[in-house]
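A look at the structure
Residue strings, one per chain:
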Amino acid sequence: LMNLVTAIIVDNAMETSRNDHEHQLQEKTSKQVREMNELRRLFVMMDEDGSGTLCWNEFRRSFKDRDMRKKWRLLDFRPEDCKELFTLLDDGDGEIVTTEFF
């Protein structure tokens, strides 16, 4: 009888652990989706000429704009990260296209 009770308790604990892990994965996925959507909105705001690309000047100015700077901070980027981030996102042609950005 004790073995049966122990087995039920262990089984319940294992099920709870699996559910917690699945919930954590769902939360992580949701967070990534929200951050990507925020990046898309930020891209549209930075694209001053509506070309679908960001040149260095548009990108740099986004770090100088107070409202956009707040959005960058929420994504854990600081003005001093600006050039490095642009270089990482650019494929070498001097502009960031939506496909490079996302």
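Residues numbered from 1 in each chain as written. Predicted model: local features only at pLDDT ≥ 70, side-chain atom pairs only at ≥ 80, totals over all residues. Heavy atoms only, no water.

**Observations regarding unusual backbone geometry**
The line we're drawing: Numbering of helices and strands runs from the N terminus; a helix is a DSSP stretch of H or I covering at least four residues, while a strand is a stretch of E covering at least two.
In this structure, Asp76 is a non-glycine residue whose phi angle is positive, near 75°. Note on placement: Asp76 falls in the loop between helix 3 (66–74) and helix 4 (82–89).

**Describing the pattern of salt bridges**
What counts, and what does not: The working definition used for a salt bridge is a side-chain nitrogen of Lys or Arg within 4 Å of a carboxyl oxygen of Asp or Glu.
This structure, assessed with the given rule, holds three salt bridges. In this structure, Glu38 engages Arg41 in a salt bridge whose closest nitrogen and oxygen atoms are separated by 3.0 Å. Of the two residues, Glu38 and Arg41 both sit in helix 1 (residues 2–46), three residues apart, roughly one turn of that helix. Between Lys71 and Glu38 there is a salt bridge, with its nearest N and O atoms 3.4 Å apart. A residue pair is termed long-range when its members are at least 10 positions apart, and Lys71 in helix 3 and Glu38 in helix 1 qualify at 33 residues.

**Description of a positive patch on the surface**
Defined as follows: A residue counts toward a patch only above 30% relative accessible area and without a salt bridge, and it is joined to like-charged neighbours within 9 Å or, for Val, Leu, Ile, Met, Phe, Trp and Tyr, to nonpolar neighbours within 5 Å. A 1.4 Å probe and the Shrake-Rupley method give the accessible areas. Residues count as covered only by the protein chains that appear here. In summary, the charge assignment counts Lys and Arg as positive and Asp and Glu as negative, without counting His or the chain termini. Think of each charge as sitting on NZ of Lys, CZ of Arg, CG of Asp or CD of Glu.
A cluster of basic residues, Arg66, Lys70, Arg73 and Arg78, forms a positive patch at the surface. You can see Arg66 is positioned in helix 3.

**Topic: the state of the cysteines**
Put simply, the rule reads: Two cysteine sulfurs form a disulfide in these notes if their separation is within 2.5 Å. Each residue is assigned to one of three classes by its accessible area relative to the maximum for its type, calculated with a 1.4 Å probe on protein chains only: buried under 20%, partly exposed between the two thresholds, exposed over 50%.
Throughout the structure, instances matching the rule amount to zero disulfides. With no disulfide of its own, Cys55 lies closest to Cys82 among cysteine sulfurs, the gap being 11 Å. Relative accessible area serves as the criterion here: at 5%, Cys82 is assigned to the buried category.

**Re the packing of aromatic side chains**
Filter applied, for reference: Two aromatic rings from Phe, Tyr or Trp, using only the six-membered ring of Trp, form a pair when their centres are within 6.5 Å; if the ring planes differ by under 30 degrees the pair is stacked, by over 60 it is edge-to-face, and anything between is tilted. Throughout this description, the term charge over a ring refers to an Arg CZ or Lys NZ atom that lies within 6 Å of the ring centre and within 35 degrees of the ring normal.
Applying the stated criterion across every chain yields a total of six aromatic pairs. With a centroid separation of 5.7 Å and 65° between ring planes, the pair formed by Phe59 and Trp72 is classed as edge-to-face. Taken as a pair, Phe59 in helix 2 (residues 56–64) and Trp72 in helix 3 lie far apart in primary sequence, 13 residues in all. By relative accessible area, which is 0% here, Phe59 ends up buried. The positively charged end of Lys83 is found above the aromatic ring belonging to Trp56, 4.4 Å away from the centroid.

**Quick look at helix 2**
Which entries qualify depends on this criterion: Picture the helix axis, draw a direction to every C-beta atom, and the arc is the one those directions span.
Within helix 2, the full set of buried residues consists of Glu58, Phe59, Ser62 and Phe63. The buried residues of helix 2 occupy an angular sector of 145° when projected down its axis, which confines them to one face.

**Side note on a negative patch on the surface**
A cluster of acidic side chains, namely Asp49, Asp91, Asp93 and Glu95, defines a negative patch on the protein surface. Its place among the elements puts Glu95 in strand 2 (residues 95–97). By relative accessible area, which is 32% here, Glu95 ends up partly exposed.

Take it as geometry only, folks, not as evidence of what the structure does.
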